[in-house]
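Notes for the structure review
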Amino acid sequence: QSLFVVTLQAHKSTTPVILLDPFGKEMSSEEFTSNFYQWVEQGGSRIVFVIGGAEGLPDELRSGRPLNGQNPILYSLSQLTFTHQFARLVLIEQIYRASEIRKGSGYHK
(Lines give C-alpha, C1' and ligand atoms only; values in the text may rest on other atoms or scores of the structure.)
Protein backbone atom coordinates (compact mmCIF):
# COMPACT_ATOMS: atom_id res chain seq x y z
CA GLN A 1 0.00 0.00 0.00
CA SER A 2 1.19 3.48 -0.79
CA LEU A 3 1.70 6.09 1.89
CA PHE A 4 -1.11 8.02 0.21
CA VAL A 5 -3.64 5.22 0.76
CA VAL A 6 -2.46 4.67 4.34
CA THR A 7 -2.92 8.40 5.02
CA LEU A 8 -6.46 8.33 3.63
CA GLN A 9 -7.29 5.31 5.76
CA ALA A 10 -6.29 7.27 8.86
CA HIS A 11 -9.46 9.38 8.59
CA LYS A 12 -12.58 8.48 10.51
CA SER A 13 -14.61 5.79 8.78
CA THR A 14 -17.59 8.14 8.48
CA THR A 15 -15.62 10.80 6.61
CA PRO A 16 -16.52 10.73 2.91
CA VAL A 17 -13.51 10.51 0.59
CA ILE A 18 -14.16 12.27 -2.71
CA LEU A 19 -11.61 11.48 -5.41
CA LEU A 20 -11.45 14.21 -8.06
CA ASP A 21 -10.17 12.60 -11.21
CA PRO A 22 -10.70 13.20 -14.96
CA PHE A 23 -12.10 9.66 -15.22
CA GLY A 24 -14.74 10.28 -12.55
CA LYS A 25 -18.43 11.03 -13.00
CA GLU A 26 -19.26 14.56 -14.12
CA MET A 27 -22.13 16.34 -12.39
CA SER A 28 -24.08 19.55 -12.62
CA SER A 29 -23.85 22.23 -9.94
CA GLU A 30 -27.27 21.14 -8.66
CA GLU A 31 -26.09 17.52 -8.38
CA PHE A 32 -22.92 18.66 -6.63
CA THR A 33 -25.03 20.67 -4.16
CA SER A 34 -27.20 17.70 -3.31
CA ASN A 35 -24.21 15.37 -2.95
CA PHE A 36 -22.12 17.92 -1.05
CA TYR A 37 -24.71 18.38 1.69
CA GLN A 38 -25.20 14.60 1.94
CA TRP A 39 -21.44 14.25 2.41
CA VAL A 40 -21.44 17.02 5.05
CA GLU A 41 -24.13 15.20 7.02
CA GLN A 42 -22.48 11.81 6.60
CA GLY A 43 -19.06 13.06 7.67
CA GLY A 44 -20.16 15.25 10.56
CA SER A 45 -18.98 18.34 8.62
CA ARG A 46 -15.79 16.59 7.51
CA ILE A 47 -15.07 15.69 3.89
CA VAL A 48 -11.78 14.65 2.29
CA PHE A 49 -11.30 15.84 -1.29
CA VAL A 50 -8.37 14.30 -3.18
CA ILE A 51 -7.29 16.09 -6.36
CA GLY A 52 -5.69 13.87 -8.99
CA GLY A 53 -2.86 14.90 -11.24
CA ALA A 54 -3.02 15.51 -14.99
CA GLU A 55 -2.95 11.73 -15.53
CA GLY A 56 -5.55 11.19 -12.83
CA LEU A 57 -5.20 9.36 -9.54
CA PRO A 58 -3.21 6.17 -9.03
CA ASP A 59 -5.08 3.02 -10.11
CA GLU A 60 -4.79 1.87 -6.50
CA LEU A 61 -7.24 4.62 -5.52
CA ARG A 62 -9.46 4.48 -8.61
CA SER A 63 -9.97 0.75 -8.21
CA GLY A 64 -13.05 1.34 -6.07
CA ARG A 65 -11.51 -0.67 -3.26
CA PRO A 66 -12.91 0.48 0.09
CA LEU A 67 -10.96 2.97 2.20
CA ASN A 68 -11.86 2.77 5.89
CA GLY A 69 -14.78 0.52 5.06
CA GLN A 70 -16.25 2.99 2.56
CA ASN A 71 -16.12 3.08 -1.19
CA PRO A 72 -14.44 6.31 -2.26
CA ILE A 73 -16.55 8.51 -4.53
CA LEU A 74 -14.98 9.24 -7.92
CA TYR A 75 -15.99 12.55 -9.52
CA SER A 76 -14.61 14.83 -12.20
CA LEU A 77 -14.49 18.62 -11.99
CA SER A 78 -14.03 18.77 -15.76
CA GLN A 79 -12.54 16.96 -18.72
CA LEU A 80 -10.11 19.88 -18.98
CA THR A 81 -6.68 19.65 -17.36
CA PHE A 82 -6.10 22.10 -14.50
CA THR A 83 -3.14 22.82 -12.26
CA HIS A 84 -3.68 21.73 -8.65
CA GLN A 85 -4.01 25.36 -7.62
CA PHE A 86 -6.72 26.00 -10.21
CA ALA A 87 -8.51 22.74 -9.39
CA ARG A 88 -8.66 23.89 -5.74
CA LEU A 89 -10.10 27.21 -6.86
CA VAL A 90 -12.77 25.48 -8.98
CA LEU A 91 -13.64 23.21 -6.05
CA ILE A 92 -13.91 26.16 -3.63
CA GLU A 93 -16.13 28.02 -6.10
CA GLN A 94 -18.38 24.97 -6.45
CA ILE A 95 -18.68 24.68 -2.67
CA TYR A 96 -19.59 28.38 -2.50
CA ARG A 97 -22.06 27.90 -5.37
CA ALA A 98 -23.59 24.94 -3.50
CA SER A 99 -24.16 27.14 -0.44
CA GLU A 100 -25.78 29.81 -2.62
CA ILE A 101 -27.99 27.26 -4.42
CA ARG A 102 -29.11 25.90 -1.07
CA LYS A 103 -29.90 29.45 0.18
CA GLY A 104 -31.83 30.16 -3.01
CA SER A 105 -29.83 33.27 -3.89
CA GLY A 106 -29.48 34.52 -7.47
CA TYR A 107 -25.75 33.74 -7.62
CA HIS A 108 -26.16 30.43 -9.44
CA LYS A 109 -27.94 31.65 -12.57
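In this report, we go over the structure that sits alongside the text.

Rules used in this analysis
Residues numbered from 1 in each chain as written. Predicted model: local features only at pLDDT ≥ 70, side-chain atom pairs only at ≥ 80, totals over all residues. Heavy atoms only, no water. Core = buried A, V, L, I, M, F, W, Y, C linked by side-chain atoms within 4.5 Å. Buried < 20%, exposed > 50% of the residue type's maximum accessible area, 1.4 Å probe, protein only. Helix = DSSP H or I, 4+ residues; strand = E, 2+ residues; numbered from the N terminus. Contact = heavy atoms within 4.5 Å. Pairing = 2+ DSSP bridges. Axes fitted to C-alpha atoms, helices over the stretch in contact; angles between N-to-C directions. Expected span 1.5 Å × (residues − 1). 1 Å grid on protein atoms, 1.4 Å probe; cavity = no way out; pocket = protein on both sides within 12 Å on 5 of 7 lines; lining within 4 Å. Points joined across faces, edges and corners; volume = space filled by probe spheres on them. Nonpolar A, V, L, I, M, F, W, Y, C, P; charged D, E, K, R; others polar. Right-handed = clockwise from strand over helix to strand, strands pointing away. Polar contact = N/O pair within 3.5 Å; in protein donor to acceptor, adjacent residues only side chain to side chain.

Let us now look at the nonpolar core. Residues Ile-18, Leu-20, Phe-32, Phe-36, Tyr-37, Trp-39, Val-40, Tyr-75, Leu-91 and Ala-98 constitute the largest nonpolar core, which totals 10 residues. Looking at this core, the elements with two or more residues in it are strand S1 (17–25), helix H2 (29–42) and helix H4 (84–103). Sorting elements by how many residues they give to this core places H2 first, with 5 residues. Those residues in contact with Leu-20 that sit more than four places away from it in its chain are Phe-49, Val-50, Ile-51, Gly-52, Leu-57, Tyr-75, Leu-77 and Leu-91. Counting 7 residues, the second largest nonpolar core, distinct from the first, contains Val-17, Val-50, Leu-57 and Leu-61.

Looking now at the sheet that holds strand S2 (residues 48–51). Note: strands within a sheet are paired through backbone hydrogen bonds, in either parallel or antiparallel orientation. Strand order in the open sheet formed by 3 strands is S2-S1-S3, with parallel pairing between adjacent strands. Edge positions in the sheet fall to S2 and strand S3 (73–75), since each of these pairs with one other strand and no more. Along the sheet, successive strands turn relative to each other by an average axial angle of 35°, direction set aside. With 4 bridges joining them, S1 and S3 adopt parallel strand pairing.

Now for H2. Given a rise of 1.5 Å per residue, 14 residues ought to cover 20 Å, and the 20 Å separating the end C-alpha atoms of H2 matches this to within 8%. Those residues of H2 lying buried are Ser-29, Phe-32, Thr-33, Asn-35, Phe-36, Tyr-37, Trp-39 and Val-40. Where H2 terminates, the next one or two residues include Gly-44, which has phi positive at roughly 60°.

Per the counting criterion, the structure on display carries 1 cavity of 30 Å³ or more. Its volume calculated, the largest cavity comes out at about 180 Å³. What lines the largest cavity is a set of 15 residues, among which Pro-22, Gly-52, Gly-53, Leu-80 and Phe-82 lie closest to the centre. Considering each element in turn, the lining of the largest cavity owes the most residues, 3 residues, to S1. Tallied by class, the residues present in the lining of the largest cavity amount to 8 nonpolar, 6 polar and 1 charged.

To continue, consider the pairing of S1. Sheet topology note: the S1/S2 ladder contains 4 bridges and is parallel. Its bridge partner being in S2, Leu-19 is matched across the sheet by Val-50. Where the polypeptide runs from S1 across H2 and back to S2, its parallel neighbour, the crossover connection is right-handed.

Our next topic: the side chain of Asp-21. Checked against the element boundaries, Asp-21 lands in strand S1. Within the local environment of Asp-21, its side chain forms a polar contact with the backbone nitrogen of Phe-23, the two atoms lying 2.7 Å apart. Not counting chain neighbours up to four residues away, the residues in contact with Asp-21 comprise Gly-56, Leu-57, Arg-62, Leu-74, Tyr-75 and Ser-76.

When the terminal C-alpha atoms of H4 are compared, their 29 Å separation across 20 residues agrees well with the 28 Å that a helix rising 1.5 Å per residue should span. Taken residue by residue, H4 has Ala-87, Val-90, Leu-91, Gln-94, Arg-97, Ala-98 and Glu-100 as its buried positions. Positive phi shows up at Gly-104, right after H4, with a value of about 85°.

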